[in-house]
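# Tertiary structure, described
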Amino acid sequence: MSGGYNTNYANIEQAVRNFPGLLIATAGNNAQNNGRFPGALNLPNVIGVGALDSSGQRSIWRNSAGVYAGSSGFGTNIDIFAPGTDIYTTDRCVVGVRRVNGTSVAAPHVAGVAALMLSANPNLTGPQLRNHILNSADRIYIGTPIGTMNVRSLNAENAVRLAHGLPLAVRTFGQLHNIRHNTSGSFQLMNNIDLSSNFQVLNRGINPNMPWTPIPNFTGVLDGRGYAIENMNITSAGNGANVGLFGINSGTITNLRIHNSNINLPYDGVSNNIGFIAGINHGTIRNVGVFSSYIEAIRWNANIGGIVGINHGEINTARFEFGHVIGAGNLGGIAGANMGTTTSHPWVRHTEIRHATIGHHLVHVNRAVGGIVGHNERAFLWDSSVHNTVVTNISVWNAWQFSPPMGLIVGTLHYSNLERVGRTNSYLRRGALADSQLAFFGRFWDPSWPWAGNVTGITHILSLPLPEEFAA
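Note that this is a predicted model, so its numbers are computed, not measured. Numbers given to residues run from 1 along each chain, matching the order in which its sequence is written. With pLDDT at 70 or above as the cut-off, local features in this predicted model cover only qualifying residues; side-chain atom pairs require 80 or more to be listed or tallied, and sums for whole chains, interfaces and linings still use all residues. Think of the side-chain values as coming from all heavy atoms in the structure, minus any hydrogens and water.

### Quick notes on the pattern of salt bridges
For the record, the criterion: Just to be clear on terms, a salt bridge is a Lys or Arg side-chain nitrogen sitting within 4 Å of an Asp or Glu carboxyl oxygen. For helices the rule is a DSSP run of H or I covering at least 4 residues; for strands it is a run of E covering at least 2, with both sets numbered from the N terminus onward. Only protein chains enter the accessibility calculation, which uses a 1.4 Å probe. A residue is then buried if its area is under 20% of the maximum for its type, exposed if over 50%, and partly exposed in between.
This model, assessed by the stated rule, comprises nine salt bridges. Among the salt bridges present, the one from E13 reaches R17, with a minimum N-O distance of 2.9 Å. A residue pair is termed a helical-turn pair when its members lie 3 or 4 positions apart in one helix, as E13 and R17 do in helix α1 (residues 10–18) at four residues. We classify E13 as buried; its relative accessible area is 19%. Using a relative accessible area of 46% as the deciding quantity, one classes R17 as partly exposed. When the shortest N-O distance is used, the salt bridge between R98 and D91 registers 2.2 Å. In this structure R98 comes out as partly exposed when scored by relative accessible area, which is 42%. D91 gets classed as buried once you look at its relative accessible area, which sits at 14%. Salt bridges sharing partners connect three or more residues here, namely R319, E321, E352 and R354.

### Digging into the pairing of strand β7 (residues 97–100)
Cut-off, in case you're wondering: In this scheme, strands are said to pair when DSSP sees at least two bridges between them.
Taken together, the four bridges between strand β6 (residues 87–90) and β7 define a ladder with antiparallel strand orientation. Within β7, the position partnered with I87 by the bridge is V100. Count of turn residues in the β6/β7 antiparallel hairpin: six residues, of which G96 carries a positive phi of about 90 degrees.

### Looking at the packing of helix α2 (residues 103–120) against helix α3 (residues 126–135)
Just so we agree on the cut-off: Whenever a helix is involved, its axis is fitted only over the stretch in contact; in every case the axis is a line through C-alpha atoms, and angles between N-to-C directions fall within 0 to 180 degrees. Roughly parallel here means an angle under 35 degrees, roughly antiparallel means over 145, roughly perpendicular means 65 to 115, and every remaining angle is called oblique. Two helices that cross are described as forming a left-handed crossing if the nearer one is turned anticlockwise from the farther one by less than a right angle, and a right-handed crossing if clockwise. It only takes one pair of heavy atoms within 4.5 Å for two residues to be counted as in contact. Each residue gets one of three labels, nonpolar for Ala, Val, Leu, Ile, Met, Phe, Trp, Tyr, Cys and Pro, charged for Asp, Glu, Lys and Arg, and polar for the others, Gly among them.
One way to put it is that α2 packs onto α3 with a least axis distance of 11 Å and a crossing angle of 115 degrees. In terms of orientation, α2 lies roughly perpendicular with respect to α3. The hand of the α2/α3 crossing is right-handed. Where α2 abuts α3, its residues V110, A114, M117 and L118 lie against L129, H132 and I133. A breakdown of the residues in the contact of α2 with α3 according to their chemical character gives six nonpolar, one polar and no charged.

### Here we look at the packing of aromatic side chains
The cut-off we apply is this: In summary, the pairing rule links any two rings of Phe, Tyr or Trp, Trp by its six-membered ring, whose centres are within 6.5 Å, and it sorts them by plane angle into stacked for under 30 degrees, edge-to-face for over 60 and tilted for everything else. Cation placement over rings: the criterion is NZ of Lys or CZ of Arg within 6 Å of the ring centroid and within 35° of the ring normal.
Within this structure, the stated rule accounts for eight aromatic pairs. For the ring pair Y9 and F37, a centre distance of 6.4 Å and an interplane angle of 55 degrees mean the geometry is tilted. With Y9 in the segment before α1 and F37 in the loop between β1 (23–26) and β2 (46–52), this residue pair connects regions lying 28 residues apart in the sequence. Classification of F37 by relative accessible area gives buried; the value is 4%. A cation over an aromatic ring shows up here: R180 above the ring of W212, its NZ or CZ 5.3 Å from the ring centre.

### Notes on the pairing of strand β32 (residues 410–414)
Buried residues dominate β32, accounting for five of its five residues. In terms of strand pairing, strand β29 (residues 373–377) meets β32 through four bridges, oriented parallel. Residue V373 lies in a different strand from β32, and its bridge partner there is V410.

### Observations concerning a nonpolar patch on the surface
This is how it is decided: Residues form patches when they are more than 30% accessible in relative terms and have no salt bridge. Like charges link within 9 Å. Nonpolar side chains (Val, Leu, Ile, Met, Phe, Trp, Tyr) link within 5 Å. Working definition of accessibility: Shrake-Rupley area with a 1.4 Å probe, residue cover restricted to the visible protein chains.
Together, M1, Y5 and Y9 line one region of the surface with nonpolar side chains, adding up to about 290 Å² of accessible area. As for its position among the elements, Y5 is in the segment before α1.

### So, α2
This is how it is decided: Here a helix's expected span is defined as the number of its residues, less one, multiplied by 1.5 Å.
The first and last C-alpha atoms of α2 sit 26 Å apart over 18 residues, in line with the 26 Å expected at 1.5 Å per residue. Buried within α2 are the following residues: T103, V105, A106, A107, V110, V113, A114 and M117.

### Examining the side chain of T392
Looking at the element boundaries, T392 is found in strand β30 (residues 380–396). Judged by its relative accessible area of 1%, T392 falls in the buried class. Leaving out residues up to four positions away in the same chain, T392 has contacts with T357, I358, G359, H360, M406 and R429.

### Quick look at the environment of I47
Structurally, the position occupied by I47 is in strand β2. As a C-alpha pair, I47 and R130 span 83 residues in sequence and 6.8 Å in three-dimensional space. Excluding its chain neighbours within four sequence positions, the residues that come into contact with I47 are L22, L23, I24, A25, G39, D79, I80, V110, R130 and I133.

### Thoughts on the side chain of N303
Under the convention used in this document: Two N or O atoms form a polar contact when they lie within 3.5 Å of each other; inside protein one atom must be a possible hydrogen donor and the other a possible acceptor, and for residues adjacent in sequence the pair counts only when both atoms belong to side chains.
Checked against the element boundaries, N303 lands in strand β23 (residues 294–305). The buried category is assigned to N303, whose relative accessible area is 8%. Among the polar contacts made by the side chain of N303, one reaches the side chain of N330 at a distance of 3.0 Å. Among all residues touching N303, those that are not within four sequence positions of it are N272, N273, I274, G309, I310, N330, G336, A337 and R367.

### Remarks on the environment of G240
Assignment of secondary structure puts G240 in the loop between β15 (233–234) and β16 (242–243). Under the relative-accessibility criterion, G240 is labelled partly exposed at 39%. Residues G240 and S271 lie 31 residues apart in sequence; the distance between their C-alpha atoms is 4.9 Å. Every residue in contact with G240, bar those within four places of it in the chain, is listed here: V270, S271 and N272.

Right, here's the structure in full:
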């Protein structure tokens, strides 16, 4: 629908409510806040459309003499923006084509995408079309007369993917960043994403040089398809913050790589959970790797790991290679802590740590350091190994008071079960703390707990060769 009013008309609104399909209407061309009726109606079968120029900013039009000729409407009840400047179109009044400006040529882009979606799935209703179009949109920043606004920008590819029942494609920094607006969705990486690179058009409005802000409370699915997130940089976090690509993962993350990334948090906070994939994992993390990446986090009472800070869920097939995990708290190459309850037992399985340093720095509390897991409590640790790695106490504050348990596999093992673990060319190194408890496993607490029967026979476990899949 090209056209609209500054006043609501009850008979038109009732007709729209009765319409069984999807009404796609223009926002208007007079820079009006909150758009025009009926596109501004908040109904499940209405989409109001604003206009963008080729640089991805709100369209402002001028005539051939350079005089202002109008600009797109904006406001919180305009649902989405689409191309609306210098759009080539046929015209019944001229021969051939001409270039046209306005939300009247932005709205047909959305209508065309809706038609493509119906060709993929003819059973979609008007409200379903609307939801898919809005949920698949990119989030961008545009300038308006009242300041910068975060709005949706039409993404034809992802709208049609949703109509087909496919995950949303993630190709750019901006699309990765925008997962935070749809944390229960399903996503696939389509290529490597460099978080330090210049933005493409759809990434406009987000400073590429700013540190990464973790995506909080993810409950969806992310399939990395073997691609990598590169040059992730995190340099600040508040007390108690969960730090990583995701703050908390309660969904499923698979086939993902992190390369050349850094988490560097100064001595100004406490109780953080820090890992490159997630600060806390309640869900499933499978087939992931972190390479040439470094954590230095001097935080009291922290849980810090190369993959996750603390694991309450499942980690299956993970590698941390050519990096270090240094800080204060529970430290591990995979997880700072792997912790369950009397009724819930998380597990870490089939993991490798290679060419890494896992170490305490400025120790303030009696926490644990392990090559794979710092503190393992009521949890499984299976089929895992440490290669060419140093587990170390780098330096100490009040060395006479604190003595963190350290182990090449785990620092502390509490009511837990270990199977098929080993190490090659790795060693423990004490720093200034001469009385640290250093061992292959570190410290055991109450190994008589019945559920954790496998904490006996440690000598036999030590004598086993590495699992065949780690032999190379």
